[in-house]
Amino acid sequence: MGTVVRTVQPKGEGLAGCTIIDSASKIIESYADYLTDESGFGPSSAERLVFARSEKQIALVLKDVYEREEPVTVSAGRTGIVGGAVPTGGTLLSLAEMNNVIGIRRLPDGRLALTAEPGITIAELNDRVARKELGIATGLVTQEQRSELEAFVADDHAYFYPPDPTEDTAHLGATVATNASGARSFYYGATREHVHRLRICLSNGEVIDVERGVYTAADGKFEVVLGDGRSITVKIPSYSMPETKNAAGYFVHSDVDLIDLFIASEGTLGVITEVEVVPRRRPVGILSALAFFGSDNDAIEFVRQARGDLDDQPRPGAVVPMALEFFDSRSFDFLRRRKEEGGESSNIPELPDGARAGVLFEQEFEDEDSLMAAYEGWEELLDGHGSSMEQTWGGMEESDLAKLRALRHSIAEEVNGVIARAKAKYPEIHKIGTDIAVPHDRLMEMFAYYRDTLAGMNLEYVIFGHIGDSHLHLNIMPVDPDQLRVAEDLALQFARQAVKIGGTVSAEHGIGKLKHEFLEALYGEDGLREMAVLKRTFDPSGMLNRGVMFSSDLLT
Ligand SMILES: Cc1cc2nc3c(=O)[nH]c(=O)nc-3n(C[C@H](O)[C@H](O)[C@H](O)COP(=O)(O)OP(=O)(O)OC[C@H]3O[C@@H](n4cnc5c(N)ncnc54)[C@H](O)[C@@H]3O)c2cc1C
């Protein structure tokens, strides 16, 4: 392992053949979708929209804007909800046309690894892996890779890529840039754990190739040797990260692996041009069920036992949860009310009488015996928390799973519907959603803090999400500008409370352009300044993804 990384030559063709839209008005007219993301943040503008097709094109574009000290924003699937891909003038660099799988190999430890361009969507990558039709241009790969490809196709096992950030139109490179995760990350881990190698184009157009385990910091430092022989020293910030699932700020510790510095850096340190991931063998089947409980507390205690948190109530041996997703009593009340009113959820079945909260659980199985053991384990667990297997929705049939998907989908849709109706009257209205995770032993306390603080405030809200990771999304639905202001203040208050008890302000969505204050709440002003120093080392003029993570004022 070393601390010195040298830049390499960019790959691929030059700018000929690259689509460049060179007019701000044409971008507004024909490419308006590229000027925002799922946060609705804007209005924004860009003078130039480039659809890169190769690493070399990315390098040339970055070198050009670097020399002119102009802003450049990286755009991917635009499903982000913190405004990261929304341009702030200058160049908007879309990677949507870099969407191929380009390599396959066996790592020294025997795991299979696939290399893909950054613009492939998670849906497309998984589809190709499932069909075993990777679409690698075999004429361009070595004999060794061709043999590996043949072995992969001939292998009886099915494979998949585990990170699943719900919106599967998200691009692979962006999910790395944000360390995306999802319901099943509780078991499989967030994106970071599935990435083995990255190629990254730095702000000046030079490229580094970083494989996990090859470069680790010594005394909190790395050296990057540039093409002209100059070397820059990268100093790792000294703040401590929360021990929860986390996507806020740079991933740091004194002997950090260089690859981890770029994962979750939200495109502020460089543009990811190639990603090598490690797919996993698909289990034979997945047991999925939604269990109902008489109260929020019963549901949370069930989760705590299922996770193995409780010394006096060990979880049944055969229970190995893959996902644990929570719906609070307000989510169910909200759904029932909207169903009566004929909303989106009118097509989902009636929730059982007395169901005040729900937990969706999933577990992999390999054969009939392991399925039966898991089933009995969950049954025992449910019985101990005032629920029962007979009452659950779920199973393994497609129609059972469709019912679960419909329920999850309709809560999100109904929340969006309330916001859209309020927005029609007051355009500034938007949903206020937290992305907080806390240590497992503080979950109940954080939940009570939400409920106690919001009691009597006359705000519509629901709480649901990735409870396995103690990562719940509180969604407040303000209906007028006064409520919006109150909700915005509350979101920051909740984030500060989470930090006080060892949690994070963002477990999966990142900081983007909308949550700077939250990052400061987590790492303080000194932490932010150290991050800004790191950013300036890689991007002296601060033009790459300007305004993402922290304000440009810190970079001057
Ligand atoms: C309904 C809904 C549900 C969601 N659920 C989840 C969830 O469960 N888990 C989760 O993690 N997220 C979730 N998200 C957020 C979002 O899907 C993820 O953050 C996703 O990783 C963004 O991918 P994208 O391609 O849309 O990126 P974009 O929004 O286009 O970009 C995201 C950021 O990455 C940067 N970036 C993009 N590509 C690169 C690159 N190649 N190199 C460097 N920087 C780059 C962009 O500049 C931007 O800052 C959800 C979003 C929605 C709308």
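These remarks concern the structure in this document. The residue numbering used here restarts from 1 in each chain and proceeds along that chain's sequence as written. Per-residue local features are limited, in this predicted model, to residues with pLDDT of at least 70; the limit for side-chain atom pairs, both in listing and counting, is 80 or more; totals at the level of whole chains, interfaces and linings are taken over all residues. Only hydrogens and water are set aside; all other atoms, that is, all heavy atoms of the structure, feed into the side-chain values.

## Some remarks on the layout of surface pockets
Buriedness of a pocket was judged along seven lines, with at least five required to meet protein on both sides within 12 Å; pockets are open sets of points on a 1 Å grid over the protein atoms alone, cavities are sets where a 1.4 Å probe fits but cannot get out, and lining residues have an atom within 4 Å of a point. Grid points are joined across faces, edges and corners, and a volume is the space filled by probe spheres set on the points. The space that makes up the second largest pocket amounts to roughly 350 Å³. If you trace the second largest pocket, you find 21 residues lining it, with Asn179, Arg192, Thr244, Lys245 and Asn246 closest to the centre. In this count, Pro and Cys sit with the nonpolar residues alongside Ala, Val, Leu, Ile, Met, Phe, Trp and Tyr, while Asp, Glu, Lys and Arg are called charged and the others, Gly among them, polar. Looking at the lining of the second largest pocket residue by residue, the class counts come to ten nonpolar, six polar and five charged.

## Quick word on helix α9 (residues 329-340)
A helix here means a DSSP run of H or I that spans at least four residues, while a strand means a run of E at least two residues long, and both kinds are numbered starting from the N terminus. Expected span of a helix: the number of residues minus one, times 1.5 Å. A rise of 1.5 Å per residue sets the reference length of α9, with its twelve residues, at 16 Å; its end C-alpha atoms lie 17 Å apart and thus fit the reference within 8%. When we look at burial in α9, the residues that qualify are Ser329, Ser331, Phe332, Phe334, Leu335, Arg338 and Lys339. The cut-offs for exposure are 20% and 50% of the maximum accessible area for each residue type, with area from a 1.4 Å probe on protein chains only; residues under the lower value are buried, those over the upper are exposed, and the others partly exposed.

## Re the sheet that holds strand β2 (residues 19-21)
Taken in spatial order, the four strands make up an open sheet running β2-β3-β5-β4, and their pairing is mixed. With one partner strand each, in any of the chains shown, β2 and β4 (72-75) form the two edges of the open sheet. This sheet shows a mean twist of 20° between the axes of neighbouring strands, independent of strand direction. For two strands to pair, DSSP has to find at least two bridges joining them. Judged from the three bridges that link them, β2 and strand β3 (residues 48-51) form a sheet pairing that is antiparallel. Looking across to β3, one finds that Ile20 is bridged to Val50. In the packing of helix α2 (residues 55-68) onto the sheet, contacts are made with β3, β4 and β5 (91-94), and the angle to β3 comes to roughly 155°. Every axis corresponds to a line fitted to the C-alpha atoms, with the helix fit spanning only the stretch in contact, and the corresponding angles, defined between N-to-C directions, vary from 0 to 180 degrees. When checking whether two residues touch, look at their non-hydrogen atoms; a contact exists if any pair is within 4.5 Å.

## Re the side chain of Ser185
With respect to the helices and strands, the residue Ser185 is situated in helix α6 (residues 185-188). Assessed through its relative accessible area of 9%, Ser185 is described here as buried. Polar side-chain contacts of Ser185 include one of 2.7 Å to the backbone nitrogen of Gly182. Residues contacting Ser185, with those up to four places away along its chain left out, are Ala190 and Asp469. N or O atoms closer than or at 3.5 Å make up a polar contact, with two conditions inside protein: a donor-capable atom paired with an acceptor-capable one, and, for residues adjacent in sequence, both atoms drawn from side chains.

## Let's talk about the nonpolar core
Side-chain atoms within 4.5 Å link the members of a nonpolar core, which is a set of buried Ala, Val, Leu, Ile, Met, Phe, Trp, Tyr and Cys residues. Leu198, Leu261, Phe262 and Trp378 are the most contacted members of the largest nonpolar core, which has 133 residues in total. Apart from the residues lying within four places of it in its own chain, the contact partners of Trp378 are Leu287, Phe302, Ala306, Val319, Pro321, Leu324, Phe361, Glu362, Gln363 and Met389. One finds Cys18, Val72, Met98 and Leu544 within the second-largest nonpolar core, a separate group that totals 17 residues.

## Points about the site of the ligand
Inspection of the region around the ligand gives 33 residues, with Val74, Gly77, Thr79, His171 and Ser181 positioned closest. In this structure, Gly77 approaches the ligand through a main-chain N or O atom, which is 2.8 Å from an oxygen atom. Within the backbone of Pro165, one N or O atom sits 3.2 Å away from a nitrogen atom of the ligand. For the shell around the ligand, the elements supplying multiple residues, two or more each, are α5 (172-177) and β13 (271-277). Broken down by class, the residue content of the shell around the ligand amounts to 13 nonpolar, 15 polar and five charged. If even one non-hydrogen atom of a residue comes within 4 Å of a molecule or strand, that residue is called near it.

## So, a nonpolar patch on the surface
Where nonpolar side chains cluster on the molecular surface, the patch consists of Leu15, Ile20 and Leu60 and spans about 200 Å² of accessible area. Residue placement: Leu15 occurs in the loop between β1 (4-6) and β2. Only residues whose relative accessible area exceeds 30% and that take part in no salt bridge are eligible for patches, with like-charged residues grouped when within 9 Å of each other and nonpolar side chains (Val, Leu, Ile, Met, Phe, Trp, Tyr) grouped when within 5 Å. Accessible surface area values rest on a Shrake-Rupley calculation with a 1.4 Å probe, where residue burial reflects the displayed protein chains alone. Definition used for salt bridges: Asp or Glu carboxyl oxygen within 4 Å of a side-chain nitrogen of Lys or Arg.

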